[in-house]
Amino acid sequence: MAVLICGGAGYIGSHNVFELIKAGEEVVIVDNLQTGHRKALNPAAKFYEGDIRDAEILDKIFTENKIEAVIHFAANSLVGESVQVPLKYFNNNVYGMQVLLESMVKHGTDKIVFSSTAATYGEPEKIPIEEDDKTFPTNPYGESKLIMERMMKWVSRANGIRFVSLRYFNAAGAIEDGSIGEDHSPETHLIPLILQVPLGKRECITVFGDDYPTPDGTCLRDYIHVIDLAAAHIAALNYLRKGGESNIFNLGNGKGFSVKEMIAAAERVTGQKIKTEIGKRRPGDPARLVASSEKARKILKWTPKFDDVEKIIETAWTWHKNHPDGYADR
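In this report, we go over the structure that sits alongside the text. Keep in mind it's a predicted model, so treat the numbers as computed, not measured.

1. As for the layout of surface pockets
Of the pockets and cavities examined, the second largest pocket occupies roughly 180 Å³. Around the second largest pocket sit 13 residues that line it, and Glu19, Lys22, Ile227, Lys305 and Phe306 are the ones nearest its centre. In terms of residue count, helix H7 (residues 226–241) provides more of the lining of the second largest pocket than any other element does, three residues in total. For the lining of the second largest pocket, a count of residues per class yields six nonpolar, two polar and five charged.

2. Re the sheet that holds strand E5 (residues 111–117)
If you trace the seven strands from one edge of the open sheet to the other, you get E3-E2-E1-E4-E5-E6-E10, paired in parallel fashion. In the strand order of this sheet, the two ends are held by strand E3 (46–49) and strand E10 (247–251), each with one partner. Geometrically, the sheet is characterised by an average inter-axis angle of 20° between neighbouring strands, direction not taken into account. When strand E1 (residues 2–6) meets strand E2 (residues 26–31), the two strands line up parallel, connected through five bridges. By the bridge assignment, Leu4 is partnered in E2 with Val28. Sitting on the sheet, H7 touches E1, strand E4 (67–72), E5, strand E6 (162–168) and E10, and the angle it makes with E6 is about 160°.

3. Description of the nonpolar core
Ranked by internal contacts, the top residues of the largest apolar core, which has 68 residues, are Ile5, Leu166, Ile191, Met262 and Leu300. When residues of this core are assigned to their parent elements, the largest contribution, 10 residues, is made by H7. When neighbours within four sequence positions are excluded, Ile191 is seen to be in contact with Ala172, Tyr223, Met262, Ile312, Ile313 and Ala316. Val30, Val70, Met151 and Val155 belong to the second largest nonpolar core, which has 27 residues in total.

4. Some remarks on the packing of helix H4 (residues 86–107) against helix H5 (residues 140–159)
Two packed helices can be described by the angle between their axes and the distance between those axes. Look at H4 against H5: their axes get within 9 Å of each other, and the N-to-C directions meet at 20°. Taken together, the axis directions place H4 and H5 in an arrangement best described as roughly parallel. As H4 runs across H5, the sense of the crossing is right-handed. Facing Pro86, Tyr89, Phe90, Asn93, Val94, Met97, Gln98, Leu101 and Val105 of H4, the residues of H5 in contact are Pro140, Tyr141, Glu143, Ser144, Ile147, Met148, Met151, Met152, Val155 and Asn159. Here the residues of the contact of H4 with H5 sort into 14 nonpolar, four polar and one charged.

5. Some thoughts on the packing of helix H1 (residues 11–22) against H7
At a minimum axis distance of 9 Å, the contact between H1 and H7 shows a crossing angle of 60°. By the angle class used here, H1 and H7 are oblique. The handedness of the crossing between H1 and H7 comes out as right-handed. Residues Tyr11, Ile12, His15, Asn16, Glu19 and Leu20 of H1 pack against Val226, Ile227, Leu229, Ala230, His233, Ile234 and Leu237 of H7. When the residues that make up the contact of H1 with H7 are grouped by side-chain class, the tally is nine nonpolar, three polar and one charged.

6. Looking at the pattern of salt bridges
A full pass over the atoms with the stated rule returns 22 salt bridges. Between Glu19 and Lys22 there is a salt bridge, with its nearest N and O atoms 3.4 Å apart. Of the two residues, Glu19 and Lys22 both sit in helix H1, three residues apart, roughly one turn of that helix. By relative accessible area, Lys22 is classed as exposed at 58%. In this structure, Glu81 engages Lys88 in a salt bridge whose closest nitrogen and oxygen atoms are separated by 2.9 Å. Note on Glu81: relative accessible area 23%, which makes it partly exposed. Through salt bridges with shared partners, a single network forms among Glu25, Glu68 and Arg241.

7. Focus: the pairing of E5
Among the seven residues that make up E5, seven are buried, leaving the element largely enclosed by the rest of the structure. Every second residue of E5 is oriented toward a common face, with Lys111, Val113, Ser115 and Thr117 on one face and Ile112, Phe114 and Ser116 on the other, all of them buried. Of the pairings in the sheet, the one linking E4 to E5 comprises three bridges and is parallel in character. By the bridge assignment for E5, His72 is matched with Phe114. Viewed along the sheet, the connection from E5 through H5 into E6 turns out right-handed.

8. With respect to the packing of aromatic side chains
Evaluated as defined, the whole model comprises two aromatic pairs. Between Tyr239 and Phe249 the ring centres are 6.0 Å apart and the planes differ by 90°, which places this aromatic pair in the edge-to-face class. Note that Tyr239 is positioned in helix H7 and Phe249 in strand E10, a separation of 10 residues in sequence. In this structure Phe249 comes out as buried when scored by relative accessible area, which is 0%. When the centroid spacing of 4.9 Å and the interplanar angle of 50° are considered together, the rings of Trp319 and Tyr327 count as tilted. Overall, the relative accessible area of 5% leaves Tyr327 in the buried class.

Criteria and cut-off values
Residues numbered from 1 in each chain as written. Predicted model: local features only at pLDDT ≥ 70, side-chain atom pairs only at ≥ 80, totals over all residues. Heavy atoms only, no water. 1 Å grid on protein atoms, 1.4 Å probe; cavity = no way out; pocket = protein on both sides within 12 Å on 5 of 7 lines; lining within 4 Å. Points joined across faces, edges and corners; volume = space filled by probe spheres on them. Helix = DSSP H or I, 4+ residues; strand = E, 2+ residues; numbered from the N terminus. Nonpolar A, V, L, I, M, F, W, Y, C, P; charged D, E, K, R; others polar. Pairing = 2+ DSSP bridges. Axes fitted to C-alpha atoms, helices over the stretch in contact; angles between N-to-C directions. Contact = heavy atoms within 4.5 Å. Core = buried A, V, L, I, M, F, W, Y, C linked by side-chain atoms within 4.5 Å. Buried < 20%, exposed > 50% of the residue type's maximum accessible area, 1.4 Å probe, protein only. Parallel < 35°, antiparallel > 145°, perpendicular 65-115°, else oblique. Left-handed = near helix turned anticlockwise from the far one by under 90°. Salt bridge = Lys/Arg side-chain N within 4 Å of Asp/Glu carboxyl O. Right-handed = clockwise from strand over helix to strand, strands pointing away. Phe/Tyr/Trp six-rings, centres within 6.5 Å; stacked < 30°, edge-to-face > 60°.

See the structure below:
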């Protein structure tokens, strides 16, 4: 029996594929390579180039392979872009989930682990954020992910598909050997942007606002290593295999680091001074986003191994030093 990874050529998906194969799983990947990379594909996995909105390619995959479960990463995920072109996000994310669930029902695959997001919460009412807090997304990306969660809930009730939705915060880092890592175009994540300065890719890093109600005035975020995320997806898969009911879990380290703290940590890791400039606040940036992961720790028996932010940055730095132009396959 195989596990189907939707979006297995992307940043988080490729790391999950690596960890699944290391755990002895049979893995099948479907990816349209819109944002994923052919060079990130694991040769031990079976790969289908295609879009999950295409029912024919999914029918081919489910027919040619015995798919026990699905882990779903395939989605557009740029918050700013989602505000500008919301229909793109509802088409790719929501319609993609519809076609995938239809295929699962058709072929009798009854387990799915879903890559969700803290953006489903919107502006948090309290810190740390817990799973039963209110969900009021402030952008179409978060809205699309919340709709996808609700689709799984109703299909679960109607068709018996059990799901785990993993709402995670700021994915970061790379596999320690530096063979795969983070490569987005455009890049929007803080750690790669910071590291572009010592790499000579940009002159300075812009800090968007230094007047927030935080200890140093810059936004606080919860960073979770990509390998810890992979471990959580495998734990969620095994939870469903053991008969666990449909559930939602936050994934984070439970500690917030400010933008200035991340820059200082990157300076220590790289041994280089990183020039910064202060810009205006970005609309919709909450002052603090920190997860409570107690539920995942208790039920999934999941514990992050990378709880030191310098270690997280160190793994990212290894990747970016070795691949200053990313996969260079665009």
